Amino acid sequence: MKLAGLKSLDSAHDDSIWALTWVPQTDTRPALLLTGSLDETVRLWRTGENGDELVQERTNKEHFLGVVSVAAHPSGVLAASASLDSFVRVFDVDTNSTVAKLEGAPSEVWQLQFDPKGTMLAVAGGSSASVKLWDTTTWQLYGTLSVPRPESSKPADKVASKKFVLSVAWSPDGKRIACGSMDGTISVFDVARTKFIHHLEGHFMPVRSLAYSPIDRRLLFSASDDAHVHMYDADGKSLVGAMSGHASWVLSVDPSPDGAAIATGSSDHTVKLWDLNMRAAVQTMSNHKDQVWGVAFRPLSGSGVRGGRLASVSDDKSLSLYDYS
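Residues numbered from 1 in each chain as written. Predicted model: local features only at pLDDT ≥ 70, side-chain atom pairs only at ≥ 80, totals over all residues. Heavy atoms only, no water.

A.B. asks: I'd like a rundown of the overall build of the protein, residues and numbers included.
C.D. replies: Each helix and strand counted, the protein has one helix and 28 strands in total. By its C-alpha atoms, the protein is 55 × 45 × 35 Å across when sized along the principal axes. Taking all 325 residues of the protein together, the buried fraction comes to 56%. Intrachain contacts of the protein at a sequence separation of at least 6 include 46% that bridge at least 24 residues. Summed over all atoms, the accessible surface of the protein reaches about 13300 Å², with 49% contributed by carbon and sulfur. Taken as two groups, the 31 positive and 37 negative side-chain charges of the protein have centres that lie 4 Å from each other. (Helix = DSSP H or I, 4+ residues; strand = E, 2+ residues; numbered from the N terminus. Buried < 20%, exposed > 50% of the residue type's maximum accessible area, 1.4 Å probe, protein only. Contact = heavy atoms within 4.5 Å. Areas by Shrake-Rupley, 256 points an atom, 1.4 Å probe, with all protein chains shown as cover. Lys, Arg positive; Asp, Glu negative; His and termini not counted. Charge placed at Lys NZ, Arg CZ, Asp CG, Glu CD.)

Structural data, given as structure tokens:
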């Protein structure tokens, strides 16, 4: 397995780029890239017929503060963006019309992700120490998954602030949600019962990114400021692998569609490709000149562009595209 650089744009945005996702292909167009930046905009990118270009399609300017997360509905028709302005905007990808605007309290809107069937949108709730679930038919709040406080904490303790929820991920079957907190704990929930199941331990610094394996519903990957990437059996509550190699915070993790690899982005300015059988980094890409906040593999498609693709974004305002084979 290897990555090969295809294209880099040095000034894809006017400020740091913190958010990245692929919008799945539809019957009328191929997959697109979606990026969100501290310049308050969300931008849509085409990758060309061969998947090796970066052509800006549109700029969305509906937020009033920096964009911290973007997510795409599995249909490829809708997407959502979360901003420091405490709003989540849901919009039609092709027309940019606003479908819904979901308001949170200050510092309670962070990472977001649609469930695999597209029936719910999960929003990491930051200082609320919770994950909010929104029904994508009515856009009403379906439920709140609250991270329990440690039993030892008293109401006056400031422990709750350490449960600041930064990251969120759905299991491939949509039955579980995992969220990562500022104190390094990962909480796993049963979605149907909106019930906390258990914590996953092993990190001692913020968990900024989580992703389940696309081929194993129990396998969860985590990226932390402690410079480690962990693999958990999320149902069995066990740490099954710990990988190190980055020189600083690991800010983003994403598994390849074939489940054989993961990519990570770090504040050491690099993107790494990891072989999961070897449990080791097999390649390091140094396209960026600053922190790499997002890495994302293009989802598999039944037709159209061949070959795997990975994209990455950085504090240096750049967007990079790689071939994965």
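A.B. asks: So what's going on with the side chain of Asn-60? Which residues, and what values?
C.D. replies: Within the secondary structure layout, Asn-60 lies in strand β5 (residues 55-60). Among the polar contacts listed, one links the side chain of Asn-60 to the side chain of Arg-58, at a separation of 3.1 Å. With sequence-adjacent residues up to four places away left out, Asn-60 is seen in contact with Glu-40, Thr-41, Val-42, Arg-89, Phe-91 and Asn-96. (Polar contact = N/O pair within 3.5 Å; in protein donor to acceptor, adjacent residues only side chain to side chain.)

A.B. asks: Describe the pattern of salt bridges, with residues and values.
C.D. replies: All chains considered together, the criterion is met by 14 salt bridges. Salt-bridge contacts for Arg-208 lead to Asp-225; the nearest nitrogen and oxygen are separated by 2.7 Å. Taken together, the residues Arg-208 in strand β18 (residues 207-212) and Asp-225 in the loop between β19 (219-224) and β20 (228-233) connect sequence positions 17 residues apart. (Salt bridge = Lys/Arg side-chain N within 4 Å of Asp/Glu carboxyl O.)

A.B. asks: Break down unusual backbone geometry for me, citing the residues and quoting the values.
C.D. replies: A positive phi angle, close to 80 degrees, is found at Glu-40, a residue other than glycine. Mapped onto the elements, Glu-40 comes out in the loop between β3 (32-37) and β4 (42-46). With relative accessibility at 31%, the residue Glu-40 sits in the partly exposed group. Despite not being glycine, Ala-129 shows a phi value in the positive range, around 55 degrees.

A.B. asks: Report on the sheet that holds strand β25 (residues 280-285), specifying residues and quantitative values.
C.D. replies: Taken together, four strands build an open sheet; the order of strands is β22-β23-β24-β25 and the sheet is antiparallel. Both edges of this open sheet fall to β22 (250-255) and β25, since each of them pairs with a single strand only. Taking the axes of each pair of neighbouring strands and ignoring which way they run, one obtains an average angle of 25 degrees across the sheet. Bridge analysis of strand β24 (residues 271-275) against β25 gives five bridges, and the strand direction is antiparallel. Within the sheet, the bridge partner assigned to Trp-274 lies in β25 and is Ala-281. (Pairing = 2+ DSSP bridges. Axes fitted to C-alpha atoms, helices over the stretch in contact; angles between N-to-C directions.)

A.B. asks: Which residues make up a nonpolar patch on the surface, and what values go with them?
C.D. replies: A cluster of nonpolar side chains, Met-1, Met-278 and Val-282, forms an exposed patch at the surface whose accessible area comes to about 270 Å². Met-1 sits in the partly exposed class, given a relative accessible area of 40%. (Patch = residues over 30% accessible without salt bridge, like charges linked within 9 Å, V, L, I, M, F, W, Y side chains within 5 Å.)

A.B. asks: Residue-level account of the sheet that holds strand β6 (residues 67-72), with values.
C.D. replies: Strand order in this open sheet of four strands is β6-β7-β8-β9, and the pairing throughout is antiparallel. Of all the strands in the sheet, just β6 and β9 (98-103) have a single pairing partner and so form its edges. Averaged over neighbouring strand pairs, the angle between their axes works out to 15 degrees when direction is ignored. Relative to strand β8 (residues 87-92), strand β7 (residues 78-83) is paired through five bridges, and the arrangement is antiparallel. When the sheet's bridge partners are listed, Ala-80 is paired in β8 with Val-90.

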